[in-house]
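The residues making up each chain are set out below.
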Amino acid sequence: MSSIHFGKLNLHADDERLLLTLEDSEVMLSPQDVTRLEDFLQKYAPHERRIGFRVPLLSLPPATRQQFQVCLLDDAEVIPLVPVDISLTGVLVELPEAMDPDPVLRLRISFDDDGCNLMASIVRREGALCALHFLDALREGELDPPEALLGIFGHLEQVWLQSRVD
């Protein structure tokens, strides 16, 4: 279970729920509530620079999240990363502890049998979270992601949109 604390406010999250506690009070949020909270908080995030929609992966059903993988392709090994959200231009991942990656990385993005290898650069790093920009997604300033990435993103976006209407 992941946790973050802001003074007397504590947030605890696992695959199924988000629990907010303030002193002796607690509120349980559903995945839909978390998405609404995320949308609200994004309005006040000064660092938001994406040019496209991002799929908040933590609000997807667990089975879908398990099928989606982001791996760092290192010379000697393949290192699984924990994805938080994805857009056609980048991905936010949680890095393993004490990992200090190069500024440019080789990634493998996959969903079921579809996958693609991408080069990515580190845009921002805050603790274990690392925002990566896909270098292969833009050509001459225009959005032009690889076909495999378009398919993967489209499927994740469709599942996310369906979860919003259920």
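Preceding this section is the structure that the text describes.
Figured I'd write up the structure that's included with this text.

What counts, and where the lines are drawn
- All residue numbers refer to positions counted from 1 along the written sequence of the respective chain.
- Note on the predicted model: pLDDT of at least 70 is required for a residue's local features to be given, and 80 or more for side-chain atom pairs to be given and counted; whole-chain, interface and lining totals, by contrast, use all residues.
- Side-chain measures were taken over the full set of non-hydrogen atoms in the model, leaving aside hydrogen atoms and water.
- Put simply, DSSP H or I for four residues or longer makes a helix, DSSP E for two residues or longer makes a strand, and each gets a number counted from the N terminus.
- Partly exposed describes any residue whose relative accessible area lies between the buried limit of under 20% and the exposed limit of over 50%, with all areas from a 1.4 Å probe on protein chains only and scaled to the type maximum.
- Residue contacts follow a heavy-atom distance rule, with two residues in contact if any of their heavy atoms lie within 4.5 Å.
- As used in this structure description, the phrase polar contact means that two N or O atoms lie within 3.5 Å; if the pair is within protein, one of them must be able to donate a hydrogen and the other to accept it, and residues adjacent in sequence are counted only when both atoms belong to side chains.
- Two rings from Phe, Tyr or Trp (for Trp, the six-membered ring) form a pair when their centres are within 6.5 Å of each other. A pair whose planes differ by under 30 degrees is stacked, one over 60 is edge-to-face, and the rest are tilted.
- Criterion used throughout: strands pair if DSSP finds at least two bridges between them.
- Salt bridges, as used here, are contacts in which a Lys or Arg side-chain nitrogen is within 4 Å of a carboxyl oxygen on Asp or Glu.

Concerning the overall build of the protein
Part 1: Secondary structure summary: the protein contains three helices and 13 strands in total.
Part 2: The principal-axis extent of the C-alpha atoms belonging to the protein is close to 50 × 40 × 30 Å.
Part 3: When each of the 166 residues of the protein is scored for burial, the buried share is 36%.
Part 4: Taking contacts inside the protein between residues at least 6 apart in sequence as the whole, the part at least 24 apart equals 50%.

Considering the side chain of Ser59
Part 1: Mapped onto the elements of the fold, Ser59 is located in the loop between β5 (55–56) and α2 (62–67).
Part 2: A relative accessible area of 9% places Ser59 in the buried class.
Part 3: A polar atom in the side chain of Ser59 sits 2.8 Å from the backbone oxygen of Pro56.
Part 4: Contacts of Ser59, omitting those with residues within four sequence positions, involve Pro31, Thr35, Trp160 and Ser163.

Describing the packing of aromatic side chains
Part 1: One pass over the full model with this rule turns up one aromatic pair.
Part 2: Taken together, a centroid distance of 5.0 Å and an interplanar angle of 50 degrees make the contact between Phe53 and Trp160 tilted. Residue Phe53 is located in the loop between α1 (31–42) and β5, and its partner Trp160 is located in helix α3 (residues 147–165); the two are separated by 107 residues in the primary sequence.
Part 3: We classify Phe53 as partly exposed; its relative accessible area is 35%.

Brief notes about the pairing of strand β9 (residues 104–111)
Part 1: Pairing of strand β6 (residues 68–73) with β9, which is carried by five bridges, proceeds in the antiparallel orientation. Within the sheet, the bridge partner assigned to Gln69 lies in β9 and is Ser110.
Part 2: Counted along the chain from β9 to the antiparallel partner strand β10 (residues 114–126), the turn is two residues long, and its residue Asp112 has a positive phi close to 55 degrees.

A word on the environment of Asp14
Part 1: Mapped onto the fold, Asp14 is located in the loop between β2 (9–13) and β3 (18–22).
Part 2: Distance in space between the C-alpha atoms of Asp14 and Ser2 is 6.5 Å, their sequence separation being twelve residues.

So, unusual backbone geometry
Part 1: Here the phi dihedral of Glu23 falls at roughly 50 degrees; this positive angle occurs in a residue that is not glycine.
Part 2: Tracing the backbone shows Glu23 in the loop between β3 and β4 (25–29).
Part 3: For Glu23, a relative accessible area of 54% gives the class exposed.

Brief notes about the pattern of salt bridges
Part 1: By the definition in use, this model includes four salt bridges.
Part 2: Put simply, Arg139 and Asp144 hold a salt bridge, and the shortest N to O gap is 3.1 Å.
Part 3: According to the relative accessible area criterion, Arg139 is partly exposed, its value standing at 48%.

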